[in-house]
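Residue-level structural notes
So you can see what is in the structure, the chains are spelled out below.
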Amino acid sequence: MLILGIESSCDETAAAVVVGGTRVLSDVVASQIAVHSPYGGVVPELASRKHVEGILPVIEEALAGAGVGLTDVDAVAVTQGPGLVGALLVGLSAAKAISYALGIPLIPVNHLEGHMCAAFLGGDPLDRPFVCLVVSGGHTAIYLVEPEGESRCLGTTRDDAAGEAFDKVAKLLDLGYPGGVVIDRLSAEGNPQAFDFPKAFLEKDSLDFSFSGVKTAVAHFVTRHGPPSSARRSGSYRVEDLAASFQEAIVEVLVQKTMAAALRHSVKDVALAGGVAANRRLRERFREEAAYRGFTLHVPPARLCTDNAVMIAAAGYRAWKRNGFCRAPAELDARSRWL
Ligand code: ATP
Ligand code: MG
Ligand code: FE
């Protein structure tokens, strides 16, 4: 089964060709970072326009890279939501047109389910129930995933997503966009114990998250000690230490709660997914803790953690095996929220 995957939920226009849910023939991602960078965040209207310009060239590149033609495609999998509606509609319309013109199935995919499915693309078999942390720009949640079935949310963020906290703190510190990557890079040179930022574990046994407190703590720190530009001149603190300490507060909560979920549900496998899963310290701490507790850890390559269409094709394949395909594709609409 050869699936063309299409993703356009936020600021990446992506297409990929995947066979049987795991064999990747091509993986094309056109990032809009340069477009949104001057604004310090994604501007929805600009995102939609860039998707319109990029969608057909990206699909053509994915087909050419896979060495196949449109008529070789057995089904189209596309992100239906959650995301920016104007952005989603571009990928969805392209997918509907291809499905209609070729008479092939259209498989609507939940973007978060897509992130989760990247866990199946790491190479190791994942055929038992597992706990997956999905940690991205808009979401932070722990799921219990049945390999052949549905997934159940065990806990989610009550305010900011972890990626959002990275991005907002980077903006606050004037470090550029997207913030996660910059903070990851600076942290490698910093001392994570330099400052003690709040780690929100919430009520005993809670698997929910809250990251607004640590963000506010960084804001207070900057009010008291001055912005990084002045700290660099005066030497009052090292920006690298600030970044590393902030990162540590987020990473520690993510690691401890995911491990607690795995223990509670007696699974042996733990997976990591979503854009923030590209974070090197998070990956390192997950490796350490999983080894310590005897869990098998599944971490997709960083490229498959951030938005891409391979994961959408993989999720489409799983959904197709489970449910068949969408029977009224013309009526399918984009969903801004969809948990
Ligand atoms: P969602 O998937 O929730 O709809 P999204 O698609 O915008 O949101 P992703 O593309 O999955 O999110 O991830 C982007 C987020 O990942 C951004 O917040 C970015 O800062 C963060 N991120 C990317 N790389 C890193 C990194 N190395 N360290 C920390 N955060 C990172
Ligand atoms: Mg993105
Ligand atoms: Fe995403």
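Criteria and thresholds
Residues numbered from 1 in each chain as written. Chains lettered and ligands numbered in written order. Predicted model: local features only at pLDDT ≥ 70, side-chain atom pairs only at ≥ 80, totals over all residues. Pairing = 2+ DSSP bridges. Helix = DSSP H or I, 4+ residues; strand = E, 2+ residues; numbered from the N terminus. Axes fitted to C-alpha atoms, helices over the stretch in contact; angles between N-to-C directions. Contact = placed C-beta atoms within 7 Å. Near = placed C-beta within 6 Å. Nonpolar A, V, L, I, M, F, W, Y, C, P; charged D, E, K, R; others polar. Domains from an automatic or database assignment. UniProt positions renumbered as here; feature names shortened; annotations may be inferred. Buried ≥ 20, exposed ≤ 12 C-beta atoms within 10 Å, placed from the backbone.

**Quick notes on the sheet that holds strand β8 (residues 151-156)**
Whenever strands of a sheet pair, they do so through backbone hydrogen bonds, lying parallel or antiparallel. Read from one edge to the other, the open sheet built from 5 strands follows the order β8-β7-β6-β9-β10, with strand pairing classed as mixed. Each edge of the open sheet carries a strand with a single partner, namely β8 and β10 (296-298). Adjacent strand axes in the sheet meet at a mean angle of 25°, parallel and antiparallel pairs treated alike. Relative to strand β7 (residues 140-145), strand β6 (residues 130-135) runs antiparallel, the two sharing 6 bridges. Its bridge partner lying in β7, L133 is registered against I142. Docked against the sheet, helix α9 (residues 239-264) engages β6, β7, β8 and β9 (269-273), running at close to 155° with respect to β6.

**Topic: the site of ligand 1**
If you check the shell around ligand 1, you find 24 residues, and the closest are G137, G138, G163, G180 and G275. For the shell around ligand 1, the secondary-structure elements that each account for two or more residues are α4 (111-117), α5 (162-172) and α6 (179-187). No other element matches the 4 residues that α6 contributes to the shell around ligand 1. By residue class, the composition of the shell around ligand 1 is 6 nonpolar, 15 polar and 3 charged. Counting only domains with at least three residues in the shell around ligand 1, you end up with domain 1 (2-116 + 304-322) and domain 2 (128-299).

**Some points on the UniProt feature "binding site: Fe cation" (unreviewed entry) in the chain**
In the numbering used here, UniProt assigns the feature "binding site: Fe cation" (unreviewed entry) to H111, H115 and D307. Of the residues just listed, which span 197 residues, no C-alpha pair is farther apart than 8.9 Å, and they cluster in one region. Inspection of the secondary structure assignment puts H115 in helix α4. Its 30 C-beta neighbours within 10 Å are what place H115 among the buried residues. Not counting residues within four places of it along the chain, the set of residues in contact with H115 comprises V134, S136, A273, G274 and M311. Relative to the elements of secondary structure, D307 occurs in the loop between α11 (302-305) and α12 (310-323). Here D307 falls in the buried class, since 26 other C-beta atoms lie within 10 Å of it. Those residues within four positions of D307 in sequence are excluded, and the remaining contacts are E7, C10, E12, A14 and G275.

**Some thoughts on the sheet that holds strand β4 (residues 75-81)**
Spatially, the 5 strands line up as an open sheet ordered β3-β2-β1-β4-β5, and their pairing is mixed. Strands with a single pairing partner mark the edges of an open sheet, and in this sheet they are β3 (23-31) and β5 (106-110). The average undirected angle you get between the axes of adjacent strands in this sheet is 20°. Here helix α3 (residues 85-102) sits on the sheet in contact with β1 (2-7), β4 and β5, set at roughly 155° to β4. Against the sheet, α12 contacts β1, β2 (12-19), β3, β4 and β5, and its axis sits at roughly 125° relative to β1.

**With respect to the UniProt feature "domain: Gcp-like" (unreviewed entry) in the chain**
In this structure's numbering, the residues bearing the UniProt feature "domain: Gcp-like" (unreviewed entry) are residues 24-313. Between the C-alpha atoms that bound residues 24-313 the distance is 9 Å, and the span itself is 49% helix and 16% strand.

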